[in-house]
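# Architecture at a glance
In case you want the letters, here they are:
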Amino acid sequence: MTAAAVPQPRAEHEPSASAARGRRSSLAIALLAGALGAALVLLATSRKWAEGTASVAQGSLSQSANGDDITGLPGALAVVGLAALVAVFAVRRLGRVVVAALLALSGAGIVISSALGASDKAALEEKASKVSGLTHSPIHDVAYTPWPWVAAAGGVLLLLAGVLALGYGRHWPAMSGRYERAGTAGPPARGRARRGGATPDPDRPEELWKALDRGEDPTEAPAAQDPTEAPAAPAREEAERGA
């Protein structure tokens, strides 16, 4: 008579389903917020931030300044933040904390510099001086566009990605995790991996991007197998050996 399979107790250190889902959600949100934030900043800094009229000998001449003309800091910090977002998955422990802090600081720097550039007319005055040939040429009828605040919004998204990386980054997978798991597994495990193929980790960044491309929700946890269900193959082998 075969004894019924007894469910094994959950290990104390094993995360619950809600905790695992929260970690996956934080990873997906950080990736989307960081990528979207950097894209917004780079787009906004290439657009017109301010325009005005310069007085010249022949009359007046309109002048305009892009975000990069007013301040180059937001665009530079966007590149730094994007690099830090990628580097978060290449390092671990203290290195991940440092990179996550750099990502958050990049976002904060973008917000501050964009807000200051939203009312800066130094670039317009410099262009007016070149046109008029005067050292200090006044600029009139200065008007500002919403693009500085678009850049500031991108900085907020990068700041959010950095804060999530600081809070949840220690639970996120690293780029080299699959190689370390394959190297430390025993011979039977490596043999099964060679025969059945490696199962992709759904928590890895590239798998999250693939899920988003397929229109799936990457935060949905996979259905867990019922531990009370005993495998059919081992039961048949036991019956054959008993016969």
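Just so you know, these numbers come straight off a predicted model, no measurement behind them.

## Details of the overall build of the protein chain
Across its full length, the protein chain holds 10 helices and 3 strands. Reading the helices (α) and strands (β) of the protein chain from amino to carboxyl end gives α-β-β-α-α-α-α-β-α-α-α-α-α. Going through the 243 residues of the protein chain one by one, you find that 31% of them count as buried. Within the protein chain, contacts between residues separated by at least 24 positions form 74% of all contacts whose residues are at least 6 apart in sequence.

## A short note on the environment of Val88
Relative to the helices and strands, Val88 is located in the loop between helix H3 (73-87) and helix H4 (93-117). Here the alpha-carbon distance between Val88 and Gly162, two residues 74 residues apart in the chain, equals 9.5 Å.

## Details of the packing of aromatic side chains
Within the structure shown, the criterion is met by 0 aromatic pairs. The ring of Trp147 has Arg47 lying over it, and the distance from NZ or CZ to the ring centre is 5.9 Å.

## Some thoughts on helix H6 (residues 147-168)
With 22 residues, H6 extends 32 Å from end C-alpha to end C-alpha; this agrees with the ideal 32 Å at 1.5 Å per step. Burial in H6 covers these residues: Pro148, Ala151, Ala152, Gly154, Gly155, Leu158, Ala161, Gly162, Leu164 and Ala165.

## With respect to the nonpolar core
Ranked by internal contacts, the top residues of the largest apolar core, which has 21 residues, are Leu103, Ile110 and Trp172. Of all the secondary-structure elements, those providing two or more residues to this core are helix H1 (17-45), H3, H4 and H6. Examining the composition of this core, we find that 6 residues originate from one element, H1, more than from any other. Those residues in contact with Trp172 that lie beyond four places of it in its chain are Arg23, Ser26, Leu27, Ala30, Val88, Phe89, Arg96, Leu164 and Ala165. One finds Ala65, Ile70, Ala123 and Ile139 within the second-largest nonpolar core, a separate group that totals 11 residues.

## Points about the confidence of the model for the protein chain
For the protein chain, per-residue confidence averages 76 on the pLDDT scale, and 59% of positions sit at 70 or higher. Looking at the elements of the protein chain, mean pLDDT is at its lowest for helix H7 (residues 177-184), recorded as 47, and at its highest for H6, recorded as 94. For the stretch residues 177-186, pLDDT sits under 50, and the model shows 8 contacts to residues farther than four places along the chain or on other chains.

## Things to note about the packing of H4 against H6
Here H4 crosses H6 at 160°, and the two axes come no closer than 7 Å. It follows from the interaxial angle that H4 and H6 lie roughly antiparallel. Pair H4 / H6 crosses with left-handed handedness. Considered class by class, the residues forming the contact of H4 with H6 number 20 nonpolar, 4 polar and no charged.

## Concerning unusual backbone geometry
Positive phi, normally seen in glycine, also occurs at Arg93, with a value near 55°. Inspection of the secondary structure puts Arg93 in helix H4. Of the residues examined, Arg93 reaches a relative accessible area of 71% and is grouped as exposed.

## Thoughts on the pattern of salt bridges
On inspection of all chains with the given rule, the structure shows 1 salt bridge. Put simply, Lys48 and Glu51 hold a salt bridge, and the shortest N to O gap is 3.3 Å.

## Focus on the packing of H3 against H4
Where H3 meets H4, the closest approach of the two axes is 8 Å, and the angle between their N-to-C directions is 160°. Between H3 and H4, the crossing angle belongs to the class labelled roughly antiparallel. Both H3 and H4 take part in a crossing whose hand is left-handed. Judged by residue contacts, Leu73, Pro74, Leu77, Ala78, Val80, Gly81, Ala84, Leu85 and Ala87 of H3 engage Val99, Leu102, Leu103, Ser106, Gly109, Ile110, Ser113 and Ser114 from H4. Broken down by class, the residue content of the contact of H3 with H4 amounts to 12 nonpolar, 5 polar and no charged.

## With respect to the environment of Leu158
Relative to the helices and strands, Leu158 resides in helix H6. Given a relative accessible area of 0%, Leu158 falls into the buried group. With 77 residues separating them in the primary sequence, Leu158 and Gly81 have C-alpha atoms 6.9 Å apart. Those residues within four positions of Leu158 in sequence are excluded, and the remaining contacts are Ala33, Gly34, Gly37, Ala38, Ala78, Leu103, Gly107 and Ile110.

Conventions used here
- Residues numbered from 1 in each chain as written.
- Predicted model: local features only at pLDDT ≥ 70, side-chain atom pairs only at ≥ 80, totals over all residues.
- Heavy atoms only, no water.
- Helix = DSSP H or I, 4+ residues; strand = E, 2+ residues; numbered from the N terminus.
- Buried < 20%, exposed > 50% of the residue type's maximum accessible area, 1.4 Å probe, protein only.
- Contact = heavy atoms within 4.5 Å.
- Phe/Tyr/Trp six-rings, centres within 6.5 Å; stacked < 30°, edge-to-face > 60°.
- Lys NZ or Arg CZ within 6 Å of the ring centre and 35° of its normal.
- Expected span 1.5 Å × (residues − 1).
- Core = buried A, V, L, I, M, F, W, Y, C linked by side-chain atoms within 4.5 Å.
- pLDDT = per-residue confidence, 0-100.
- Axes fitted to C-alpha atoms, helices over the stretch in contact; angles between N-to-C directions.
- Parallel < 35°, antiparallel > 145°, perpendicular 65-115°, else oblique.
- Left-handed = near helix turned anticlockwise from the far one by under 90°.
- Nonpolar A, V, L, I, M, F, W, Y, C, P; charged D, E, K, R; others polar.
- Salt bridge = Lys/Arg side-chain N within 4 Å of Asp/Glu carboxyl O.

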